[in-house]
Structures are given as C-alpha cells and as structure tokens.
Amino acid sequence: MTFLLNIDVPDVIAATTFYTEAFGLTVGRRFGTGFVELLGWPAPVYLLTKQAGTVGAGGDRRRYERHWTPVHVDVVVDDVDAAVERALRAGAVLEVAATDAPYGRIAMLADPFGHGFCLLTFSERGYDALLDADGA
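These numbers were taken from a predicted model, which means no experiment stands behind them.

Colleague: For this particular structure, what's the right way to read the packing of aromatic side chains?
Modeller: The description of an aromatic ring pair uses the distance of the two centres, along with the angle that the planes make with each other. Enumeration according to the criterion identifies 11 aromatic pairs in this entry. Relative to Phe23, the ring of Phe18 lies with its centre 6.1 Å away and its plane at 90°, an arrangement referred to as edge-to-face. Each of the two residues, Phe18 as well as Phe23, counts as buried. Their ring planes at 45° and their centres at 6.5 Å tell us that Phe31 and Tyr46 sit as a pair that is tilted. Taken together, the residues span a long stretch of sequence, with Phe31 in the loop between strand E2 (26-30) and strand E3 (35-39) and Tyr46 in strand E4 (residues 45-49) at a distance of 15 residues. The exposure class assigned to Tyr46 is buried, which follows from its relative accessible area of 10%.

Written as structure tokens, this is what we have:
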C-alpha cells in the first residue's frame, strides 16, 4: 500500500510556484491545465484546480481563506528555522513561530490557499521523549 497527497487550490500555477519554492518539490507530470504532479517527498503531491465556492466533501463549499481541517501535513526538515524562512519567502503565513518541544522543534504555518502545515525537526528521541519514565 502507498498514499498520495491531493491538495485543492484555486490557482494551480500559483500553487505550483509556492510548493516548488517552499519545499523544493519538482513538477513530475501535468495533466491538462488544472492538475499537476509534484515529486520530491516520500509520496507524490497532486495539485488540483477547484474553484472557491464549488461543492467539496459532504456538501461543504471550498474556501481558500485560512480554514481548519482535521488532516494536515507535517514536513520533516533538517533545519526548521531555515525551512520557515524558505516557506515565508515563497508566500507562507507564519502562525506559530518555531519553538522547541521534547520531541524536537516545530513551527506552524499556512500556505497561500489557507491549508495549514507544520515544519518539524525531530530530536534524537523524537516522539519517544513524550513517553513516561516506565516506557508506557
């Protein structure tokens, strides 16, 4: 089994620019003018042109101002601070500045289309640092 990541955007050209500049992804294939495959992460990313106001899942209408979603991407990077600067130069919005946590360093951002994402560098122990002393 494998997975891929689909991201609805109102402007596939602007989204392609953002995701290639912010994360160093590269264009794999173009499927017409409104559907682009990006490569460079462990799973391919597909940018799909879907206009604001059109019906998405469950009858909810698509909107591209900042919105909440129960699923978001954590991008694991070598240097959170450098990755934040790169993402900001590409047009990301910083929501929570990089902070240290027991499991590493994390910053919370949004892309220009309202989709939230985190930039994360794990400490040596990673999420194991959250376990209690007896390893439970």
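More follows now that the structure is in view.
Colleague: Which parts of the structure should I look at to understand the pattern of salt bridges?
Modeller: Following the criterion strictly, the structure yields 7 salt bridges and no others. Arg105 is the partner of Asp81 in a salt bridge, and the nearest nitrogen-oxygen pair spans 3.0 Å. Of the two residues, Asp81 is situated in helix H2 (residues 80-90) and Arg105 in strand E7 (residues 104-110); the sequence distance between them amounts to 24 residues. Residue Asp81 is classed as partly exposed on the basis of its relative accessible area of 38%.

Colleague: Can you help me understand the environment of Pro102 in this one?
Modeller: Checked against the element boundaries, Pro102 lands in the loop between strand E6 (93-101) and E7. Judged by relative accessible area, Pro102 falls into the exposed class, the value being 54%. Beyond its immediate sequence surroundings of up to four residues, Pro102 is in contact with Ser123, Gly126, Ala129 and Leu130.

Colleague: How should I be thinking about the nonpolar core in this particular structure?
Modeller: What tends to happen in soluble globular proteins is that the nonpolar side chains get buried as a cluster. In this structure, Phe18, Tyr19, Phe23, Leu47, Leu109, Phe117 and Leu119 are the most contacted members of the largest nonpolar core, which totals 28 residues. Counting residues per element, this core draws most heavily on helix H1 (residues 12-23), at 6 residues. Ignoring sequence-local partners within four residues, the contact set of Leu47 consists of Ile7, Val12, Ala15, Thr16, Tyr19, Gly34, Phe35, Val36 and Leu38.

Colleague: What is the right way to read the pairing of strand E8 (residues 116-122) from this model?
Modeller: In the case of a regular strand, side chains alternate between the two sheet surfaces. With respect to burial, E8 is a largely interior element, 6 of its 7 residues being buried. Two strands pair when backbone bridges link them, and strand E5 (residues 73-76) and E8 are joined in this way by 4 bridges, in the parallel orientation. Residue pairing for E8: Asp74 is matched across the bridge by Cys118. The pairing of E7 with E8 spans 7 bridges and is classified as antiparallel. For Arg105, the partnering residue across the bridge sits in E8 and is Thr121.

Rules and cut-offs
- Residues numbered from 1 in each chain as written.
- Predicted model: local features only at pLDDT ≥ 70, side-chain atom pairs only at ≥ 80, totals over all residues.
- Heavy atoms only, no water.
- Phe/Tyr/Trp six-rings, centres within 6.5 Å; stacked < 30°, edge-to-face > 60°.
- Buried < 20%, exposed > 50% of the residue type's maximum accessible area, 1.4 Å probe, protein only.
- Helix = DSSP H or I, 4+ residues; strand = E, 2+ residues; numbered from the N terminus.
- Salt bridge = Lys/Arg side-chain N within 4 Å of Asp/Glu carboxyl O.
- Contact = heavy atoms within 4.5 Å.
- Core = buried A, V, L, I, M, F, W, Y, C linked by side-chain atoms within 4.5 Å.
- Pairing = 2+ DSSP bridges.

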